[in-house]
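Architecture and fold: a report
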Amino acid sequence: MSDPILAVQARSLSKHYGEGNTYVLALKEATFEIASGEVVALLGPSGSGKSTLLTILGLINPPDTGWLQVGGVDVIRDGAAVGDTNLIRRRNLGFVFQRSNLIPFLTAEENVRLVLELDDVPRREALRRTREILESLDVADRASHLPMQLSGGQQQRVAIARALVHQPSLLLADEPTASLDKELGRRVMELLKTAAIERGAAVLVVTHDHRALDLVDRIFEIEDGVLDAQSASVPEVTQ
Amino acid sequence: MNLSLRDVRHDFSRFLLTAVGLGLLLTVVLAMTGIYNGIIKDATALPDSLGADLWIVQRDTRGPFAELSRVSNDLEERARAVPGVARARSYVAHTIQRQLPNGRPLRFTAVGLSWPDDLGRSLPIVRGRPLAQPHYECLVDSSLGLSLGQRIPLGRDVYTVVGITDGLLASGGDPSAFFTLSDAQRIQNDVSNEAIRLDREARSARVRQSALGRDPELVRFSGKNARLIPALAPLPVSAVMLNLEPGVSLETVQARLQGWQDITVYSQEEEHGLILGGVVEKTRRQIGLFRGLLVVISAILMGLIIYTMTVDKIHSIALLKLLGAPMSVILGMILEEALLLGGIAYVLAVMIGNFAFDIFPRRVVVENEHRLALLFIVTAISIASSAIGMKKALAADPNEVLAA
């Protein structure tokens, strides 16, 4: 057995909002690790700090304190972003949302290819990779359609393709199955898991949907800003 | 991947409709510029085509274009005797509004040319010939809509159109028509038989009531045709145009003539100044103000359009930020759309102008320099209005995507 490749390492991430009477500690000293190819579910009631953790991992809001490494690169040190956060997001992070959030004026193929072109991947190479991932997610035949011409499931698959096409270290999924029926929701979770294993991405899924929890490798629970990752152990993943 | 083109493609009909609306507004801006230039060209076309070096007008007036001027008929002879003067011509002009036998209204400025010295050869005659006989011929501007050989009854006489000029309008925008001096005066002073009879009666009565009335011969003469009475002065003219001999100093001749106490002398350049500073000045300011307002309105509208277009896709912009798109990509998209909108509107304005300006009732003069100036204004407006959209885009929060 070899050591797992750690996609994410977080140490003592804390975040507060407000001052004085309105002071709220949204995240308290969160420390965890997620390995490449691992799917982790983040569970917790509303206002527990799930979104705060998600925005910190997504480099949207910086924490007050703590250290974060994604894909072996320090991205937050002592609560401050290190380097070009846009560049890090472009290369190391992928996002899937409750709604597909595809850009309405781009076709399915363009929505996916955009992520590669933003990172200056040559057009020919970007096209090849885009077609490949759309085929693997079974939506290649809808490549030239605008989002409004796709079904909800097709939109979500295109969104997953967009989130994974640049082979990010960490894929953040915020309630990706909430707007889908049970069967489709489970199919999306399966796609995320398969894609994570095949492409070596760590997946953190924020969800209230307990129906697909059997597909995740670990569960993080968060309440009142306290992340419980104690019970889980990093699974063994071969290189 | 060009995001701006894809965004435009997504709702092309709305974008095109907006561009057409803006294009029409820019057409009006261009038209205002053209109308202003046309007014200047119209106002100066006539004096320019007559080709005088100096204009002699009534003392202390700014005639003959900016103000009414009357000088005596013999001034032409006096001026001709001044050393350095090669040519002196009388000039009269007055506006006529009559009706052709077919009922069509006819309004023009009748200009009198000194016969036989000035046959209208200096005028831009595009068809026909200059005047060739001392009476009953005329040259008319093409905008009057008359044809060669057409006969126009004016007063007691009928005049034949022998030549057509192009682009000779008076400062009021009326087409010019050229007659011999005596014909122009005849048309101007044409009155009815009854009016003539009453005028002669009144003149005789005045003579009888004065000491002159003791002479029965004088009383008899006073009731005859005014031209037969040597004591009565011939009709005045509006001005006298002078051309100088080659090499003669204009300032010297002008200074010499200024010594005459009954007249004022202007150079051609000074006449331009009087026309533009007097007749055209208020129009110029009014059109300039109107044009400025239209530019401001265009800028505001374009700013609002770009702002609305940005707001419409603010979620996509927030998403682009979340995906790590550099700000240059997002701001570039907004700027490109603004420039594209401005560019299409500009091209439409120029194209519509090329077709429409010819059918305007007044001359619209739009040169390449004016089109370039508008292009510069449109570019500036596009950049300024995109700044409003950019400000909105900069404020877009990637959190909105997560919160949605």
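Read on for an overview of the structure. Remember, it's a predicted structure, so these values are computed and weren't measured experimentally.

Within chain A, the secondary structure is distributed over six helices and eleven strands. Computed over C-alpha atoms, the radius of gyration of chain A comes to 18 Å, within 12% of the 18 Å expected from 2.2 N^0.38 for 239 residues, which places it in the range of a compact globule. The principal-axis extent of the C-alpha atoms belonging to chain A is close to 55 × 45 × 40 Å. Within chain A, buried positions represent 56% of all 239 residues. Within chain A, counting contacts between residues at least 6 apart in sequence, those at least 24 apart form 70% of the total. Roughly 10,400 Å² of accessible area belongs to chain A as shown, and the carbon and sulfur atoms make up 47% of that amount.

In this complex, chain B contributes 24 residues to the contact, which on the side of chain A involves 26 residues. Carbon and sulfur atoms make up 65% of the surface buried where chain B meets chain A, a total of about 2,300 Å² over both sides. Counting every contact that joins chain B to chain A gives two salt bridges. The salt bridge involving A:E110 is made with B:R9; its shortest N-O contact spans 3.2 Å. Our count for the chain B to chain A interface comes out at eight residue pairs in polar contact (both at pLDDT 80 or more). Secondary structure elements with two or more residues in the side of chain B that touches chain A: α1 (3-10), α10 (314-322), α11 (327-356) and α13 (399-403) of chain B. Looking at the side of chain B that touches chain A, the element that brings in the most residues is α10(B), giving six residues. Its residues assigned to classes, the side of chain B that touches chain A comprises 14 nonpolar, five polar and five charged.

All names here are of chain B. With the rule as written, the count across this model stands at 30 salt bridges over all chains. We note a salt bridge from R80 to E76, for which the minimum N-O separation is 2.7 Å. With R80 and E76 both in helix α3 (residues 75-80) and four residues apart, this pair spans about one turn of that helix. Among the residues examined, R80 registers a relative accessible area of 32% and is labelled partly exposed. Looking at E76, the relative accessible area reads 12%, which means it is buried. R87 is the salt-bridge partner of D117, the closest N and O atoms lying 3.2 Å from each other. In this pair, D117 is assigned in the loop between β3 (105-113) and β4 (125-128) and R87 in strand β2 (residues 85-99), connecting sequence segments 30 residues apart.

Moving on, we get to the environment of B:V111. All names here are of chain B. Residue placement: V111 occurs in strand β3. What makes V111 buried here is its relative accessible area of 0%. Here the alpha-carbon distance between V111 and L139, two residues 28 residues apart in the chain, equals 9.7 Å. When near neighbours in sequence (up to four residues on either side) are disregarded, V111 contacts L46, Y91, V92, A93, A177, F178, F179 and A184.

Glancing now at the environment of A:G66. All names here are of chain A. Positionally, G66 belongs in strand β4 (residues 65-70). Sequence spacing of G66 and L146 is 80 residues, and the spatial spacing of their C-alpha atoms is 41 Å. Once you skip the residues sitting within four places of it in the chain, G66 turns out to touch R11, S12, L13, I76, R77, D78 and G79.

Another point: the packing of aromatic side chains. Residue and element names in this part refer to chain B. For the structure shown, the criterion picks out nine aromatic pairs over all chains. Look at W55 and Y91: their rings are 5.4 Å apart centre to centre, the planes differ by 90°, and that puts the pair in the edge-to-face class. Here the residue W55 occupies a position in strand β1 (residues 54-58), and Y91 occupies one in strand β2, the gap between them amounting to 36 residues. With centroids separated by 6.0 Å and ring planes inclined at 50°, the aromatic side chains of Y136 and Y159 adopt a geometry described as tilted. Within this pair, whereas Y136 is found in the loop between β4 and β5 (137-141), its partner Y159 is found in strand β7 (residues 157-165), the two being separated by 23 residues in sequence. One aromatic cluster in this structure is built from F108, Y136, Y159 and F179.

Another point: unusual backbone geometry. Each neighbour pair has its own omega, and for B:W115 with B:P116 the value is 0°, a cis peptide bond. Checked against the element boundaries, B:P116 lands in the loop between β3 and β4. Backbone geometry at A:Q167 places phi at a positive 50°, although glycine is not the residue there. Counting through the fold element by element, A:Q167 comes out in the loop between α5 (152-164) and β8 (170-174). With a phi close to 50°, A:D224 is a non-glycine residue in the positive phi region. In this fold, A:D224 is placed in the loop between β10 (218-223) and β11 (226-228).

About the cut-offs
- Residues numbered from 1 in each chain as written.
- Chains lettered and ligands numbered in written order.
- Predicted model: local features only at pLDDT ≥ 70, side-chain atom pairs only at ≥ 80, totals over all residues.
- Heavy atoms only, no water.
- Helix = DSSP H or I, 4+ residues; strand = E, 2+ residues; numbered from the N terminus.
- Rg over C-alpha atoms; globule rule 2.2 N^0.38 Å.
- Buried < 20%, exposed > 50% of the residue type's maximum accessible area, 1.4 Å probe, protein only.
- Contact = heavy atoms within 4.5 Å.
- Areas by Shrake-Rupley, 256 points an atom, 1.4 Å probe, with all protein chains shown as cover.
- Buried area = accessible area lost by both parts, 1.4 Å probe.
- Salt bridge = Lys/Arg side-chain N within 4 Å of Asp/Glu carboxyl O.
- Polar contact = N/O pair within 3.5 Å; in protein donor to acceptor, adjacent residues only side chain to side chain.
- Nonpolar A, V, L, I, M, F, W, Y, C, P; charged D, E, K, R; others polar.
- Phe/Tyr/Trp six-rings, centres within 6.5 Å; stacked < 30°, edge-to-face > 60°.

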